[in-house]
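If you want the building blocks of each chain, they are given just below.
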Amino acid sequence: MNAVVEAKKKPRLTTSAMIASIATEGQRVKAAPFGKALVALAASRPEIVGMTADLAKYTDLHLFAQAYPDRFFQMGMAEQLLMAAAGGMAKEGLVPFATTYAVFGTRRAYDFIHQVIAEENLNVKICCALPGLTTGYGPSHQATEDIAMMRGIPGLTIVDPCDALDIEQAVPQIAAHKGPVYMRLLRGNVPLVLDEYDYKFELGKAKLLREGNDVLVISSGFMTMRALEVADALAADNIGVAVLHCPTIKPLDEATILEAVRYKHRLVVVAENHSVIGGLGESVASTLLRHRVQPAGFELAGLPDAFLDAGALPTLHERYGISRDALARRIKSWLR
């Protein structure tokens, strides 16, 4: 009987909890930075239209729909139709922002992105929520291989922003970019961290956020936030951690990466919210190898090549090595 009472006291995970913000308790956040940035930009860009596959609320595109109902297109649960229609609108001179979940936008609609949008270099901006391990719903909703899939498409720019500031500044830049873009999207209450580092998003550019003599973490997405947290934590152990944020995965800013690694005897760790197969880590490794630049050591801190479990995000991030504490332990072990 006591067990039943205790079970009732525990908060039950709901949909909103499972599709949760990655912000920790008490962390500064901004609500719906993508939706708000797109609404602000569209005020002076009448050619921008918003499109979604039945997920306006869950990609923050509902704000655009409220502001510009005549420029919003609800395509229903039909991701292939969404991408094909976006390509058609781009051919007519519009700039479609097409939103859905990353698993649906990549797995279900890949051929349409490849053939309809990318092959003709159309001006479509594909913005997909729940990238990597940002939901506890299991493999059906965890887009742990989306970057690997999209990197193979010629001419497609790929952006993986860290926080609300990154998203806000990326939106006008990907709109100004001529050609297709795939952006991983953090939605809802998104952490705000990069404003403390005098940071400005530049499409195609990596930015060194802090220096450190022992370890260089090269990261994208919210793993840059984790890397900054780890750098603060390890400073107490006299371990200097530098953090290089790479919000643009393709084209990769090879020059900045090479400069950060060359002639510096320190461990290089690539941290990403993505499978270790085909993502930022392998792209950085290829860059270093092709340019004959050898770090003191090289490690991948990404998600395993596996179908991941379902559950609460803090538990999953710890289990798969991308929480702050897990990443700190991994880096310490590699240094030893």
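Residues numbered from 1 in each chain as written. Predicted model: local features only at pLDDT ≥ 70, side-chain atom pairs only at ≥ 80, totals over all residues. Heavy atoms only, no water.

S.K.: Would you take a moment to explain the overall build of the chain for this structure?
M.R.: On a plain count of helices and strands, the chain comes out with 14 helices and 14 strands. Its C-alpha radius of gyration of 20 Å places the chain within 12% of the 20 Å reference for a compact globule of 336 residues. Counting only C-alpha atoms, the chain reaches 65 × 60 × 35 Å along its principal axes. Expressed as a percentage of its 336 residues, the buried residues of the chain come to 54%. A fraction of 80% describes how many contacts in the chain between residues 6 or more apart in sequence connect residues 24 or more apart. (Helix = DSSP H or I, 4+ residues; strand = E, 2+ residues; numbered from the N terminus. Rg over C-alpha atoms; globule rule 2.2 N^0.38 Å. Buried < 20%, exposed > 50% of the residue type's maximum accessible area, 1.4 Å probe, protein only. Contact = heavy atoms within 4.5 Å.)

S.K.: Help me understand the environment of Gly 240, please; the structure alone is not making it clear to me.
M.R.: Relative to the assigned elements, Gly 240 resides in the loop between helix H10 (223-235) and strand S11 (241-245). For the pair formed by Gly 240 and Val 270, sequence separation is 30 residues and the distance between their alpha carbons is 16 Å. Ignoring any residue separated from it by four or fewer positions in sequence, one finds Gly 240 in contact with Gly 212, Asn 213, Asp 214 and Val 215.

S.K.: Would you explain helix H3 (residues 33-42) in this entry?
M.R.: Side chains three or four residues apart in an α-helix point the same way, a direct result of the helix having 3.6 residues per turn. In terms of burial, H3 is largely enclosed, as 7 of its 10 residues are buried. Regarding H3, the residues found buried are Pro 33, Phe 34, Gly 35, Ala 37, Leu 38, Leu 41 and Ala 42.

S.K.: In this structure, what is going on with the packing of H10 against helix H14 (residues 324-335)? I would like to understand it.
M.R.: A pair of packed helices is captured by two measures, namely the crossing angle of their axes and the spacing between those axes. Between H10 and H14, the shortest axis-to-axis distance is 9 Å and the interhelical angle comes to 65 degrees. Both H10 and H14 take part in a crossing whose hand is right-handed. Along its contact with H10, which presents Met 223, Arg 226, Ala 227, Glu 229, Val 230 and Leu 234, the element H14 presents Arg 324, Leu 327, Ala 328, Ile 331 and Lys 332. (Axes fitted to C-alpha atoms, helices over the stretch in contact; angles between N-to-C directions. Left-handed = near helix turned anticlockwise from the far one by under 90°.)

S.K.: Just checking my understanding: could you explain unusual backbone geometry for this structure?
M.R.: Peptide bonds are, in most cases, trans, and in most cases residues other than glycine have a negative phi. Across the junction of Lys 250 and Pro 251, the peptide omega takes the value 0 degrees, indicating a cis bond. Here the phi dihedral of Asp 54 falls at roughly 70 degrees; this positive angle occurs in a residue that is not glycine. Residue position: Asp 54 is located in the loop between strand S2 (48-52) and helix H4 (62-67). Its identity is not glycine, yet Asp 60 carries a phi of approximately 65 degrees, on the positive side. Examined against the element boundaries, Asp 60 turns out to sit in the loop between S2 and H4.

S.K.: Got a minute to help me understand the pattern of salt bridges in this structure?
M.R.: Side chains bearing opposite charge may pair, as long as their charged atoms lie close to each other. Considering all chains together, one arrives at 18 salt bridges under this definition. Between Asp 160 and Arg 184 there is a salt bridge, and its shortest N-O distance comes to 3.3 Å. Here Asp 160 is found in the loop between strand S6 (157-159) and helix H9 (164-176), whereas its partner Arg 184 is found in strand S7 (residues 181-185), with 24 residues between them in sequence. Like Asp 160, the residue Arg 184 is buried in the burial classification. Residue Asp 237 pairs with Lys 332 through a salt bridge whose shortest N-O separation is 2.8 Å. (Salt bridge = Lys/Arg side-chain N within 4 Å of Asp/Glu carboxyl O.)

S.K.: Explanation requested: the environment of Trp 334 in the structure shown.
M.R.: Inspection of the secondary structure assignment puts Trp 334 in helix H14. Exposure remark for Trp 334: the relative accessible area of 24% places this residue in the partly exposed category. A distance of 3.5 Å separates a polar atom in the side chain of Trp 334 from a polar atom in the side chain of Glu 299. (Polar contact = N/O pair within 3.5 Å; in protein donor to acceptor, adjacent residues only side chain to side chain.)

S.K.: Can you walk me through the sheet that holds S6 in this structure?
M.R.: Strand order in the open sheet formed by 7 strands is S3-S2-S4-S5-S7-S6-S12, and the pairing between neighbours is mixed. Edge strands, defined here as strands with exactly one partner in the open sheet, are strand S3 (72-74) and strand S12 (248-250). Across the sheet, the mean angle separating the axes of adjacent strands is 20 degrees when strand polarity is ignored. Of the strand pairs in this sheet, S2 and strand S4 (residues 95-101) are connected by 5 bridges, and their pairing is parallel. From the neighbouring strand, Ile 48 faces S4, where its bridge partner is Val 95. Against the sheet, helix H5 (residues 79-91) touches S2, S3, S4 and strand S5 (125-129), its axis set at about 170 degrees to S4. (Pairing = 2+ DSSP bridges.)

S.K.: Help me understand the environment of Leu 61 in this model?
M.R.: In this structure, Leu 61 sits in the loop between S2 and H4. Distance from Leu 61 to Thr 100, taken between C-alpha atoms, is 9.6 Å for residues 39 residues apart in sequence. Other than its neighbours up to four places away in sequence, Leu 61 contacts Phe 34, Leu 38, Gly 50, Met 51, Thr 52, Ala 56, Phe 72 and Thr 99.

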